[in-house]
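Analysis of the macromolecular model
The residues making up each chain are set out below.
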Amino acid sequence: MTWDWQVFCEDTIERTAVQGCFGKDGGITYLDWMLSAWGWTVSVALLALLLALALGLVIGTLRTLPASPWLVRLGNAWVELFRNIPLLVQIFLWYHVVPAFFPTLKSVPGFVLVVLALGFFTSARVAEQVRSGIQALPRGQRYAGMALGFTTAQTYRYVLLPMALRIVIPPLTSETMNIFKNSSVAFAVSVAELTMFAMQAQEETARGIEIYLAVTGLYIVSAFAINRLMAFIERRARVPGFIAASAGGGH
Amino acid sequence: MNLQIDFSFYSWDLISNFVLKGLYFSLMLTAIATLGGVLFGTVLALMRLSGRKWLDLPATIYVNGMRSIPLVMVILWFFLLVPAVIGRPIGAELSAVITFIAFEAAYFSEIMRAGIQSIPRGQVFAGQALGMTYGQNMRLVVLPQAFRNMLPVLLTQTIILFQDTSLVYAIGAYDMLKGFEVAGKNYGRPIEAYLAAAVLYFVICYALSWAVKRLHQRIAIIR
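Nothing here was measured: the structure is a model prediction, and the numbers come from that model.

Calculation criteria
Residues numbered from 1 in each chain as written. Chains lettered and ligands numbered in written order. Predicted model: local features only at pLDDT ≥ 70, side-chain atom pairs only at ≥ 80, totals over all residues. Helix = DSSP H or I, 4+ residues; strand = E, 2+ residues; numbered from the N terminus. Buried ≥ 20, exposed ≤ 12 C-beta atoms within 10 Å, placed from the backbone. Core = buried A, V, L, I, M, F, W, Y, C linked by C-beta atoms within 7 Å. Contact = placed C-beta atoms within 7 Å. Nonpolar A, V, L, I, M, F, W, Y, C, P; charged D, E, K, R; others polar. pLDDT = per-residue confidence, 0-100. Expected span 1.5 Å × (residues − 1). Axes fitted to C-alpha atoms, helices over the stretch in contact; angles between N-to-C directions. Parallel < 35°, antiparallel > 145°, perpendicular 65-115°, else oblique. Left-handed = near helix turned anticlockwise from the far one by under 90°.

This paragraph deals with the overall build of chain B. The number of helices and strands found in chain B is 8 helices and 0 strands. Going from the N terminus to the C terminus, chain B shows its helices and strands as α-α-α-α-α-α-α-α. Expressed as lengths along the three principal axes of its C-alpha atoms, the size of chain B is roughly 70 × 50 × 30 Å. Residues counted as buried form 36% of the 223 residues belonging to chain B.

In this section: the overall build of chain A. Scanning chain A from N- to C-terminus turns up 10 helices and 0 strands. The secondary structure elements of chain A, listed N-terminal to C-terminal, are α-α-α-α-α-α-α-α-α-α. Relative to its full complement of 251 residues, chain A shows a buried share of 38%.

Looking now at the nonpolar core. The biggest cluster of nonpolar side chains holds 117 residues, and the ones touching the most others in it are L88, I91 and A198 of chain A together with I75 and L76 of chain B. Here I75 of chain B is in contact with A96, T99, L167, V168, A170 and I171 of chain B, once residues within four sequence places are set aside.

Here we take up the interface of chain B and chain A. Each partner contributes to the interface: chain B provides 28 residues, whereas chain A provides 29 residues. Looking at the side of chain B that touches chain A residue by residue, the class counts come to 23 nonpolar, 5 polar and no charged.

As a further point, take unusual backbone geometry. All names here are of chain A. If you check the backbone angles, A67 has positive phi at about 60 degrees while not being a glycine. Within the secondary structure, A67 sits in the loop between α1 (30–62) and α2 (69–83). Of note, A206 is a non-glycine position whose phi angle comes to about 60 degrees, a positive value. Position of A206 relative to the elements: it lies in the loop between α8 (194–205) and α9 (208–237).

Here the focus is the confidence of the model for chain A. Note that predicted coordinates carrying low pLDDT should not be read in detail. Mean pLDDT over chain A works out to 88, with 95% of the residues at or above the 70 mark. Across residues 244–251 of chain A, where pLDDT falls below 50, the model places 10 contacts with residues more than four positions away in sequence or in other chains.

This part is about the environment of E10 of chain A. Residues and elements named next belong to chain A. Along the chain, E10 turns up in the segment before α1. Taking the C-alpha atoms as reference, E10 lies 55 Å from A136; in sequence the two are 126 residues apart. Once residues lying within four places of it in the same chain are set aside, the contact partners of E10 are R15, T16, A17, T29 and Y30.

The next point concerns helix α8 (residues 190–219) of chain B. Between its terminal C-alpha atoms α8 of chain B stretches 43 Å, which fits the 44 Å expected from 30 residues at 1.5 Å a residue. Regarding α8 of chain B, the residues found buried are I191, E192, A193, Y194, L195, A197, A198 and Y201 of chain B. Of the surrounding secondary structure, the elements contacted by the buried residues of α8 of chain B are α3 (87–101) of chain A together with α6 (134–164) and α7 (176–187) of chain B.

Right, let's get into the confidence of the model for chain B. On average, chain B scores 90 in pLDDT, and the residues at 70 or more come to 97%. Here the complex is predicted with pTM 0.89, and the ipTM for its interfaces comes to 0.89.

What follows is about helix α7 (residues 169–182) of chain A. The α-helix winds at 3.6 residues per turn, so residues separated by three or four positions along the chain end up facing the same way. Residues and elements named next belong to chain A. The end-to-end C-alpha distance of α7 is 19 Å, a good match for the 20 Å that 14 residues give at a rise of 1.5 Å each. By the criterion of burial, α7 is predominantly enclosed, with 10 of the 14 residues buried. Among the residues of α7, those classed as buried are I169, L172, T173, E175, T176, M177, I179, F180, K181 and N182.

Let us now look at the packing of helix α5 (residues 139–147) of chain A against helix α6 (residues 152–167) of chain A. Residues and elements named next belong to chain A. Two elements in contact, α5 and α6, have axes whose closest approach is 9 Å; the angle formed by their N-to-C orientations is 135 degrees. Here α5 is positioned oblique relative to α6, judged by the angle of their axes. The chirality of how α5 crosses α6 is right-handed. Mapping the contact onto sequence places Q141, R142, A144, G145 and M146 in α5 and Q154, T155, V159 and L160 in α6.

All names here are of chain B. Examined against the element boundaries, V43 turns out to sit in helix α1 (residues 12–49). Here V43 falls in the partly exposed class, since 15 other C-beta atoms lie within 10 Å of it. Along the backbone, V43 and M176 are 133 residues apart, and their C-alpha atoms lie at a distance of 31 Å.

This is the structure in structure tokens:
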């Protein structure tokens, strides 16, 4: 077989090669389309990540609270619920079922629903990491907070969370890379992200291998960028001489 | 809240005509991919632990490559490439089986590697001292203990694998989710269909992870 990378320079409608590979006068080439798809992938992943971190932090903390068994149960139920249903099914639930229960969501674009689905799905995993991060701290840390007369909220804010969050940076790195990979499932509800582009462009151009190679390359580049970024954050957030320092590097 | 669920949708017909066929495929795919994945995963793990660069390097590239690509893309890749390589079209179902074995091998090999590395060096030395070859040492001393150590992680990965089988949606294979979806379309009841799919996946996965937790408590090696 022969390579045909020219396919990326083709206009998506007229199917003729465009000089310079970027569409002119409102036309778009496959390259334009792919880059915009990459943008959608990054947007879905990053927004879902923000949601997952915020929710996961709260839920994970709830699960470690002393003397609040109902909040702990709520947190546990949350994690079990979102962990035991496949992501694709959850996306269909958000897309087809939830709007039927809450009609206000009917006018919300699919993109937002996918961000919600991916964010809630990942929040369960983040919560699990945060919980084990807090529980990995020596019990004396909590007692030290109590001995200083801190309230529970203060103990968490000033003693437990600052250390626990540093411990969870490495597992959160792999969760962040997972969220990029999982964003590919958004193809199922026609969000114009990379996988959707790959499927459609493959069908239109019949140059599947070139298209898939480029898309796969972009996924790998994204994963690598996240990996480096998180390693940077980990180095910057490190408390000299503490646990987080030795957990660096590696995977 | 205007929720109207048509409970008459949930009938034996739904299960026997649509769901069972898909459930059977999902379970078969999970079982075959687990067996094949563990088999090839062990080979990959042994290659990476062999200490020989020409074995280690290709295995490392394969494992890291597979792990950095979304599963949906891998499914699409195989669906495109396998027919091109063997020169004739294959069904979505067979393509899914091949994909999942190849993909899961990468994940299982990481579990295997961690399991093998968790065996104290003294065990290997003891085998060597008894005059065992590398193969005997692995088969009789290291792997049995490693399998026992990693069984809970292995089974947890199998549960994740079962959830991931729903992604064969991308190539239109008929799995459990597809069964519910087809039924929902046929009866014009998509909401009931997706709800039922979610409940069934949840019940299966929750029950399995509970069982894994129990098993873990029973078989943990006490040292």
